[in-house]
Amino acid sequence: MPSERAAATAAQRAAGAAPALPDFAAHIVAWQATHGRSALPWQNTRDPYRVWLSEVMLQQTQVTTVLGYFARFLERFPTVGALAAGTEDEVFGLWSGLGYYSRARNMHRCAQDVVARFGGVFPTTAAELMTLPGIGRSTAAAIAAFCFGERVAILDGNVKRVLTRVLGFAGDMSSAAQERALWDEATRLLPPADDRDAIARYTQGVMDLGATVCLPRKPACMLCPVSRRCVALREGEPERYPVKTRKLKRTAQSLWMLELRDPQGRVWLEKRPARGIWAGLYCLPVFDSREALVAAMPGAASDLEDLPPFVHVLTHKDLHLHPVRCRATVPQGREGARWVDAAEWRRLGLPAPVRKLLEG
Ligand code: SF4
């Protein structure tokens, strides 16, 4: 029973005992060598710039999507210094389509910090890496383990799934205390301190296992190197882990977007403020209500054409978007707005639904 298992795990921790998985790391290391991923462009390198770039890109995006973005980013910004010297618009433009633009913004700031504080060379410990913008504990550990052989644990979504299942860790992942407890378990499971070479392969292995075998739905337990030790499999319900009781509270917001084109086919775009939704991106003028949109277009009410509304789903929020087309005039009182031709807007960082509208 998972609740009994949680009590047992808690008692074990309270007693200071390591879980009974002394050979876990060795199995993961051996499995990675024969079944893990080894040909991705950010592997087989100890360059922290490449590893960091890939780790950030992979945070909410599939490997197959990241491949093209990774190559284009490196072509334009081959070093952390080049990225630091680039403009935010260039970075957003290259990021366009990956979503979660806060990652790109933090990445740009991080590159500038590496240059300003560390002379353009990434620091070599997870503790120092965590002082950089956008680098959390898990990303810092991945860079430190892959590039500098530091013995530190990672705990991204994939790894969390593997470890909670193998250990039968039934603590609620909504709780910071339980998450800390799982970090402790993850550290206990690392390869021995005297085996510095194993940490990079172990880190890659546990990530690979979560990404390719221990899947959220229908894990391929037959192919798993630690199936004989897996508590969740023994209990018969692996998908029950990780346990998370507090669900994300979703909200909804309605926005009206003005699609304005001139006779040359240019579109009227404005740069969003540095805070709030789509911060720093180029966007169609956005209004909280149709009345506000009409008020910004005096005398043009009869030229407004309502296009079919649609829903765009964000992580925490459903956006109900109402596009309104107009060919008459430009809205009043909008700062930082201008006409942009198609060749330029295709290169800019645009919110996904705006790009969809313009391309549609
Ligand atoms: S046996 Fe199955 S549930 Fe357990 S770690 Fe392996 S793939 Fe995941």
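This one's a predicted model, so the numbers in the text were calculated from it and none came from an experiment. Residue numbers restart at each chain and count upward from 1, following the sequence in its written direction. Totals for whole chains, interfaces and linings use every residue, but because this is a predicted model, local features are given only for residues with pLDDT of at least 70 and side-chain atom pairs only at 80 or more, for both listing and counting. The basis for the side-chain values is all heavy atoms of the structure; hydrogens and waters are excluded.

(A) Broad picture of the nonpolar core. The nonpolar core is taken to be a set of buried Ala, Val, Leu, Ile, Met, Phe, Trp, Tyr and Cys residues, with the residues joined through side-chain atoms within 4.5 Å. To sort residues, take the accessible area from a 1.4 Å probe on protein chains only and compare it with the maximum for the residue type: under 20% means buried, over 50% means exposed, and anything in between is partly exposed. The biggest cluster of nonpolar side chains holds 93 residues, and the ones touching the most others in it are F24, W52, F73 and L163. Residues are treated as being in contact if the distance between any of their heavy atoms lies within 4.5 Å. Excluding residues within four positions of it along the chain, W52 makes contact with L83, M107, C110, A111, F122, I135 and I143. Grouped together as the second largest cluster of nonpolar side chains are 12 residues, L258, W268, A296 and L304 included.

(B) View of helix α6 (residues 88-95). For helices the rule is a DSSP run of H or I covering at least 4 residues; for strands it is a run of E covering at least 2, with both sets numbered from the N terminus onward. Within α6 the residues assigned to the buried category are V91, F92, G93, L94 and W95. Tucked inside the fold, the buried residues of α6 contact α3 (48-57), α4 (63-76), α5 (80-85) and α7 (101-118). G97 sits one or two residues past α6 and shows a positive phi near 105°.

(C) Focus on the packing of helix α10 (residues 157-167) against helix α12 (residues 198-212). Helix axes use the C-alpha atoms of the stretch in contact, all axes being lines fitted to C-alpha atoms, and the angles between their N-to-C directions lie in the range 0 to 180 degrees. At their nearest, the axes of α10 and α12 sit 8 Å apart, and the two run at 85° to each other. Viewed along their axes, α10 and α12 adopt a mutual orientation that is roughly perpendicular. On α12, the residues touching N158, V159, R161, V162 and L163 of α10 are V206, M207, L209, G210 and A211. Basically, the charged four are Asp, Glu, Lys and Arg, the nonpolar ten are Ala, Val, Leu, Ile, Met, Phe, Trp, Tyr, Cys and Pro, and anything else, Gly included, counts as polar. In the contact of α10 with α12, the residues fall into 7 nonpolar, 2 polar and 1 charged. Roughly parallel covers angles under 35 degrees, roughly antiparallel covers those over 145, roughly perpendicular covers 65 to 115, and oblique covers all other angles.

(D) Examining the pairing of strand β1 (residues 251-260) more closely. Pairing analysis gives 10 bridges linking β1 to strand β7 (residues 317-326), with the strands arranged parallel. Within the sheet, the bridge partner assigned to L260 lies in β7 and is C326. Where β1 and strand β4 (residues 286-287) come together, 2 bridges link them in antiparallel fashion. Of the residues in β4, the one forming a bridge with W256 is F287. One requirement defines pairing of two strands: DSSP has to find at least two bridges between them.

(E) The arrangement of the site of the ligand in detail. Every residue close to the ligand is listed here: R165, V166, V213, C214, C221, C224, S227, C230, L233 and P238. Here the shell around the ligand is built from residues that sort into 8 nonpolar, 1 polar and 1 charged. Residues are labelled near a given molecule or strand when at least one of their non-hydrogen atoms is within 4 Å of it.

(F) A look at the confidence of the model for the chain. Residue-level confidence of the predictor is what pLDDT reports, using numbers from 0 through 100. Of the residues in the chain, 94% reach a pLDDT of 70 or more, and the chain-wide mean stands at 90. Within the model, pLDDT remains below 50 along residues 10-19, and this stretch shows 15 contacts once partners closer than five positions in the same chain are excluded.

(G) Summary view of the packing of α6 against α7. Where α6 contacts α7, the two axes come as close as 10 Å, and the packing angle between them is 140°. The orientation of α6 relative to α7 falls into the category oblique. The interaxial crossing formed by α6 with α7 has right-handed handedness. Note on element contacts: α7 touches α6 through Y101, R103, A104, R105, M107 and H108, opposite E88, V91, F92 and W95. With the far helix as reference, a near helix turned anticlockwise by less than a right angle produces a left-handed crossing, and one turned clockwise produces a right-handed crossing.

(H) The arrangement of the sheet that holds strand β2 (residues 267-271) in detail. Pairing is antiparallel across the open sheet formed by 3 strands, whose spatial order is β3-β2-β8. Of all strands in the sheet, those with a lone pairing partner are β3 (282-283) and β8 (337-340), marking the two edges. Alignment of β2 against β8, held across 4 bridges, turns out to be antiparallel. Residue pairing in the sheet places L269 in a bridge with R338 of β8.

(I) The arrangement of the packing of aromatic side chains in detail. Each Phe, Tyr or Trp ring, with Trp reduced to its six-membered ring, pairs with another whose centre is within 6.5 Å; inter-plane angles below 30 degrees give stacked pairs, above 60 give edge-to-face pairs, and intermediate values give tilted ones. For the structure on display, the rule yields 8 aromatic pairs. Here W52 and F122 contribute two aromatic rings whose centre-to-centre distance is 5.4 Å and whose plane-to-plane angle is 55°, an arrangement assigned as tilted. You can see W52 sitting in helix α3 and its partner F122 sitting in the loop between α7 and α8 (126-129), a full 70 residues away along the chain. Its relative accessible area of 1% is what places W52 among the buried residues. Pairwise contacts between aromatic rings join Y49, W52 and F122 into one cluster.

(J) Seen up close, the pattern of salt bridges. By definition, a salt bridge exists where a carboxyl oxygen of Asp or Glu is found within 4 Å of a side-chain nitrogen of Lys or Arg. One pass over the structure, following the stated rule, counts 16 salt bridges. Its salt-bridge partner being D208, residue R37 comes within 2.9 Å of it at the nearest N-O pair. Highlighted residues: R37 in the loop between α2 (24-35) and α3 and D208 in helix α12, separated in sequence by 171 residues. What makes D208 buried here is its relative accessible area of 0%. One salt-bridge network, held together by shared partners, links E88, D89 and K271.

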